[in-house]
Amino acid sequence: MKKIRKIFSLCLIIIMLSNTVVFGQININENIKGALLGDLETGEILYEYNINQQLAIASISKLMTYLLMMDKVAAGEISLEDDVLISGHAAATEGSRFGLVAGETVKLKTLVDGMLIVSGNDCATAIAEYVGTNVDNFVKMMNAKASELGLLSASFINPHGLPINDEDTGQNNMSVSDIYKLTRHILTTYPEILEVTKKPELTIPERNFSRSSTNPVFGYIDEIDGLKTGYTDKAGICLVSTIPVMGQGQGEDYRLIGIILGAQTHEDRLNKTIKLLEYGKNNFSKIKLVDLSEAIDKVYISNSKLGKVSVYPASDFYKVIKNSDVVTTKITYNESVKAPIAKGEKIGTLSIFVNGEEVSDIDVIVNESIEKANLFVRIIRFFKKIF
């Protein structure tokens, strides 16, 4: 029973999936402070610019306010149907406003709409007071949650992002990469946020209220369904956007997240967001590169009852790749592969390469127990090899 070492190389797939293939790169870095385009599920970053610098984030802060509120809802401590008594402090919050009045009661879900769709700072304050008893305590909760999520650049001083006193120190801050992490966490944990942010306008007849969403991408990209705008003098004009992308051909459905921080004009923010999302939609596909249900090779195990044995990857593997990328795989088997082998036992490694660069390793296993051949079978095989 000899040692087996086999390296199997295969050009797996050349991705040419989209009917609208737009090869090349984009450059949207001019006159903004940071940008990122990424995939929700895998966390893959498809475009980036200055993503690690701590920057003022203005009303993007309200995503953290939403997260903390939803954690309380999920824990059963509060309900979106709760009536919230509006304090004078909440009603007097400056900046972008929904129009709360001190002493009135408003459903928590209405405050969420006002905070996310029309970016009401007063709604954010009211939510903070309801969830955290008072704003100071809620801010502590915001910073604690940021630490829990590993958002090392995050620093919060209020629930809405309006500067306090000093333009330099009185800001909520976070890096683009941490905004991406926060957004992924929210969309994964509480995808129902999209049921709010997909609305192009907020209309509440009983309040005689009707106002368009602050998200400027409505009307320009049909798939847009989120997520949050922001603006202060220091932060510039900001937007976290998201769209679902329907898979074509062998492609899987996926969701793009786009981030623009620090644009100087509203038009530039809109144009660069459109360019970023369209670049992702038209140039990338999410592919199931490895399917755990499909055999990837057959190997000869000399002392096994079966002789040739089918081998499988231990897990599926998905990746968002550019439509021009070339994907290859290589299987490297253990130095010694001998029966008996238990079902699910690792006998090698599948390496996956995109354009020659290794992107993942996956265990190679057998999907059934491999029994050892009896002595008679092994003798017959020995003499067959001789003659």
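Here is a short report on the structure shown in this document. (Residues numbered from 1 in each chain as written. Predicted model: local features only at pLDDT ≥ 70, side-chain atom pairs only at ≥ 80, totals over all residues. Heavy atoms only, no water.)

### As for helix 3 (residues 108-116)
Most of helix 3 is tucked away, with eight of its nine residues classed as buried. Listing the buried residues of helix 3 in full gives Leu108, Thr110, Leu111, Val112, Asp113, Gly114, Met115 and Leu116. (Buried < 20%, exposed > 50% of the residue type's maximum accessible area, 1.4 Å probe, protein only. Helix = DSSP H or I, 4+ residues; strand = E, 2+ residues; numbered from the N terminus.)

### Observations regarding the sheet that holds strand 14 (residues 284-290)
Ordered in space as 12-14-17, the three strands form an open sheet in which the pairing is antiparallel. The sheet terminates laterally at strand 12 (251-252) and strand 17 (317-322), the two strands that pair on one side only. Against the sheet, helix 8 (residues 266-283) contacts strand 14 and strand 17, and its axis sits at roughly 40 degrees relative to strand 14. (Pairing = 2+ DSSP bridges. Contact = heavy atoms within 4.5 Å. Axes fitted to C-alpha atoms, helices over the stretch in contact; angles between N-to-C directions.)

### Overview of the environment of Ala58
Inspection of the secondary structure assignment puts Ala58 in the loop between strand 4 (55-56) and helix 1 (62-74). Judged by its relative accessible area of 1%, Ala58 falls in the buried class. Along the primary structure Ala58 and Gly262 are separated by 204 residues, whereas in three dimensions their C-alpha atoms are 10.0 Å apart. Setting aside chain neighbours within four positions, we find Ala58 in contact with His160, Gly161, Asn172, Gly230, Tyr231, Thr232 and Ala235.

### Quick notes on the nonpolar core
Counting 66 residues, the largest nonpolar core has Met64, Tyr66, Met69, Ile86, Leu111, Ile193 and Ile259 as the members making the most contacts within it. It is helix 1 that contributes the most residues to this core, seven residues altogether. In this structure, Ile193 is in contact with Leu63, Tyr66, Leu116, Ile186, Leu187 and Leu227, ignoring residues within four places of it in sequence. Of all hydrophobic cores here, the second largest spans 26 residues; its members include Leu46, Ile221, Tyr254 and Ile274. (Core = buried A, V, L, I, M, F, W, Y, C linked by side-chain atoms within 4.5 Å.)

### Overview of the packing of aromatic side chains
The geometry of two aromatic rings is summed up by the distance between their centres and the angle between their planes. Summed over the entire model, instances satisfying the criterion amount to two aromatic pairs. With a centroid separation of 5.4 Å and an interplanar angle of 80 degrees, the aromatic rings of Tyr279 and Phe284 are classed as edge-to-face. Here the basic side chain of Arg184 rests over the ring of Tyr180, its NZ or CZ set 5.8 Å away from the ring centre. (Phe/Tyr/Trp six-rings, centres within 6.5 Å; stacked < 30°, edge-to-face > 60°. Lys NZ or Arg CZ within 6 Å of the ring centre and 35° of its normal.)

### Focus on the packing of helix 4 (residues 121-132) against helix 5 (residues 135-148)
Taken N-terminus to C-terminus, the directions of helix 4 and helix 5 make an angle of 85 degrees; their axes are 8 Å apart at the nearest point. Taken together, the axes of helix 4 and helix 5 lie roughly perpendicular to each other. Across the interface between the two elements, Thr125, Ala128, Glu129, Val131 and Gly132 from helix 4 touch Val135, Asn137, Phe138 and Met141 from helix 5. In the contact of helix 4 with helix 5, the residues fall into five nonpolar, three polar and one charged. (Parallel < 35°, antiparallel > 145°, perpendicular 65-115°, else oblique. Nonpolar A, V, L, I, M, F, W, Y, C, P; charged D, E, K, R; others polar.)

### A closer look at the pairing of strand 2 (residues 34-39)
Burial analysis of strand 2 places six of its six residues in the buried class, the great majority of the element. By the alternation rule, side chains of strand 2 split into Gly34, Leu36 and Gly38 and Ala35, Leu37 and Asp39, which are all buried. Across six bridges, the pairing between strand 2 and strand 13 (residues 254-263) is antiparallel. Bridge pairing in strand 13 places Ala35 opposite Ile260. For strand 2 and strand 3 (residues 45-49), the ladder comprises four bridges, and the chain directions are antiparallel. Bridge assignment links Leu36 to a residue of strand 3, and that residue is Glu48. Taking the residues between adjacent antiparallel strands as the criterion, strand 2 and strand 3 are bridged by five residues, where Gly43 takes a positive phi near 80 degrees.

### A few points about the sheet that holds strand 13
Pairing is antiparallel in the open sheet, where five strands are placed in the order 3-2-13-11-10. Either end of the sheet is taken by a strand with one partner, and the two such strands are strand 3 and strand 10 (226-232). Here the strands of the sheet are splayed against their neighbours by 5 degrees on average, with no regard to which way each runs. One ladder, built from seven bridges, connects strand 10 with strand 11 (residues 236-245); its direction is antiparallel. Considered in strand 11, the bridge of Tyr231 is made with Ile237. Helix-sheet contacts for helix 6 (residues 176-189) involve strand 2, strand 3, strand 10, strand 11 and strand 13, and the interaxial angle to strand 13 is about 145 degrees.

### Side note on unusual backbone geometry
A negative phi angle is the norm for most residues apart from glycine, just as the trans form is the norm for most peptide bonds. Cis geometry is found at the peptide bond from Gly226 to Leu227, where omega equals 25 degrees. Relative to the helices and strands, Leu227 resides in strand 10. Cis rather than trans, the peptide bond between Ala339 and Pro340 has omega equal to 5 degrees. Looking at where Pro340 falls in the secondary structure, it is placed in the loop between strand 18 (326-333) and strand 19 (346-354).

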